[in-house]
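The lines below spell out each chain.
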Amino acid sequence: MAVRVLILEDDKLFNETLQDFLEEEGYLLDAVMDPYSALDLTYENRYDVYLFDVNLPYESGFDLLGKLRSAGDMTPTIFLTSREDKESLAEGFGLGADDYMKKPIDFDELQLRIDALLRRQTRTHCVRIGEYTLDVKNKILLHQGEEVELTIKVIELLMLFVQSKGDVVTNTFIKEQLWTANQMPSDGSIRVYVTQLKKLFPEHIINIRGVGYKFRDLDA
């Protein structure tokens, strides 16, 4: 499943360079140059990683992260900044940053840090769904300790449903997440995947006609 990243960087050239590198590595991107636009996007989309500059117009990246963390948004965040003082470092981590890189950025190192950050997030992440356990790290579904035979894309769709926390998961979003840019998404495939999941979770999945699906947590 492609990793979705939100870039907030007010240096246009550096912003575009980041986009070029990460897109080539297969990440899905949204990129903006001011914190207000970034905040709007966090309401509209779910991201796997935030890459935030610190010195920005209107307010700092620290201010934005503080708002997000106060609202319960725990998306892993890496600050990319030219600041070198320990006070800034302490402030960023104190607000809930997960990592910190000083400019100029080594792009290969950035990719390694993103991958390591995501591994830490899912290392012990197992989700109970009724009688089933979803192992996010290994992308397998277990029933009473036995693996259920499902394709990777079906598992990734189930992960999208679980991560949605009851919000509507649109068909467009499913296509963006389950297929890479050089693959052709398929409405028919989505219907097949959903049908397989409904056999396991008939009361959890609700079809929102023409839009997508909702996944209900019946244990909440």
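Heads up: the structure comes first, above all this text.
Not measured: the values here are computed from a predicted model.

(A) Quick look at the pattern of salt bridges. Summed over the entire model, instances satisfying the criterion amount to 11 salt bridges. We note a salt bridge from Arg 69 to Asp 98, for which the minimum N-O separation is 3.4 Å. With Arg 69 in helix H3 (residues 61-70) and Asp 98 in the loop between helix H4 (86-94) and strand S5 (99-102), the pair connects residues that are 29 residues apart, well separated along the chain. On the basis of relative accessible area, Asp 98 is assigned to the partly exposed category, the value being 26%. Between Glu 109 and Arg 113 there is a salt bridge, with the nearest N and O atoms lying 2.7 Å from each other. Highlighted residues: Glu 109 and Arg 113, both in helix H5 (residues 107-122), separated by four residues, approximately one helical turn. Sharing partners across several salt bridges, the network here consists of Arg 4, Asp 30 and Glu 176.

(B) Geometry of the packing of helix H6 (residues 152-163) against helix H8 (residues 187-200). It is at 10 Å that the axes of H6 and H8 come closest, and there the two elements cross at 75°. The orientation of H6 with respect to H8, classified from their angle, is roughly perpendicular. On H8, the residues that touch Lys 153, Val 154, Leu 157, Leu 158 and Phe 161 of H6 are Tyr 193, Val 194, Gln 196 and Leu 197. Tallied by class, the residues present in the contact of H6 with H8 amount to seven nonpolar, one polar and one charged.

(C) Structural detail: the nonpolar core. Leu 134, Leu 157, Phe 161 and Ile 174 are the most contacted members of the largest nonpolar core, which totals 27 residues. Put simply, the parts of the chain that give this core at least two residues each are strand S6 (126-129), strand S7 (132-135), H6, helix H7 (171-178), H8 and strand S12 (212-215). The element best represented in this core is H6, accounting for seven residues. With 19 residues, the next largest nonpolar core counts Val 3, Leu 18, Leu 80 and Met 101 among its residues.

(D) Focus on the packing of aromatic side chains. Under the definition given, this model contains 13 aromatic pairs. With a centroid separation of 5.0 Å and an interplanar angle of 65°, the aromatic rings of Tyr 132 and Phe 201 are classed as edge-to-face. Here the residue Tyr 132 occupies a position in strand S7, and Phe 201 occupies one in the loop between H8 and strand S11 (205-208), the gap between them amounting to 69 residues. A relative accessible area of 2% means that Phe 201 is categorised as buried. Centroid distance Phe 161 to Phe 215: 5.8 Å. Interplanar angle 10°. Geometry classified as stacked. Pair noted here: Phe 161 is in helix H6 and Phe 215 is in strand S12, with a separation of 54 residues, a long-range link. Taken as a pair, Phe 161 and Phe 215 share a single burial class, namely buried. Taken together, Tyr 47, Tyr 50, Phe 52, Phe 62, Phe 79 and Tyr 100 form an aromatic cluster joined through their ring pairs.

(E) The arrangement of unusual backbone geometry in detail. Here the amide bond leading from Lys 103 into Pro 104 is cis, since omega sits at 0°, within 30 degrees of zero. Look at Tyr 58: it is not a glycine, yet its phi comes out positive at around 75°.

(F) Looking closely at a negative patch on the surface. Together, Asp 20, Glu 23, Glu 24, Glu 25, Asp 106 and Asp 108 line one region of the surface with negative charge. A total of three residues in the negative patch trace back to one element, the largest contributor, which is helix H1 (residues 12-24). Along the chain, Glu 24 falls in helix H1.

(G) Quick peek at H1. The terminal C-alpha atoms of H1 lie 18 Å apart, and with 13 residues this matches the ideal 18 Å at 1.5 Å per residue to within 8%. The complete set of buried residues in H1 reads Phe 14, Asn 15, Leu 18, Phe 21 and Leu 22. Taken down its axis, H1 places every buried residue within 135° of arc, on the same side. Exposed positions of H1 whose direction lies more than 90 degrees from the buried face are Lys 12, Leu 13 and Glu 24. Of the residues that open H1, the one with a side-chain oxygen 3.1 Å from the backbone nitrogen of Leu 13 is Asp 11.

Reading the values: the criteria
- Residues numbered from 1 in each chain as written.
- Predicted model: local features only at pLDDT ≥ 70, side-chain atom pairs only at ≥ 80, totals over all residues.
- Heavy atoms only, no water.
- Salt bridge = Lys/Arg side-chain N within 4 Å of Asp/Glu carboxyl O.
- Helix = DSSP H or I, 4+ residues; strand = E, 2+ residues; numbered from the N terminus.
- Buried < 20%, exposed > 50% of the residue type's maximum accessible area, 1.4 Å probe, protein only.
- Axes fitted to C-alpha atoms, helices over the stretch in contact; angles between N-to-C directions.
- Parallel < 35°, antiparallel > 145°, perpendicular 65-115°, else oblique.
- Contact = heavy atoms within 4.5 Å.
- Nonpolar A, V, L, I, M, F, W, Y, C, P; charged D, E, K, R; others polar.
- Core = buried A, V, L, I, M, F, W, Y, C linked by side-chain atoms within 4.5 Å.
- Phe/Tyr/Trp six-rings, centres within 6.5 Å; stacked < 30°, edge-to-face > 60°.
- Patch = residues over 30% accessible without salt bridge, like charges linked within 9 Å, V, L, I, M, F, W, Y side chains within 5 Å.
- Areas by Shrake-Rupley, 256 points an atom, 1.4 Å probe, with all protein chains shown as cover.
- Lys, Arg positive; Asp, Glu negative; His and termini not counted.
- Charge placed at Lys NZ, Arg CZ, Asp CG, Glu CD.
- Expected span 1.5 Å × (residues − 1).
- Arc of directions from axis to C-beta.
- Polar contact = N/O pair within 3.5 Å; in protein donor to acceptor, adjacent residues only side chain to side chain.

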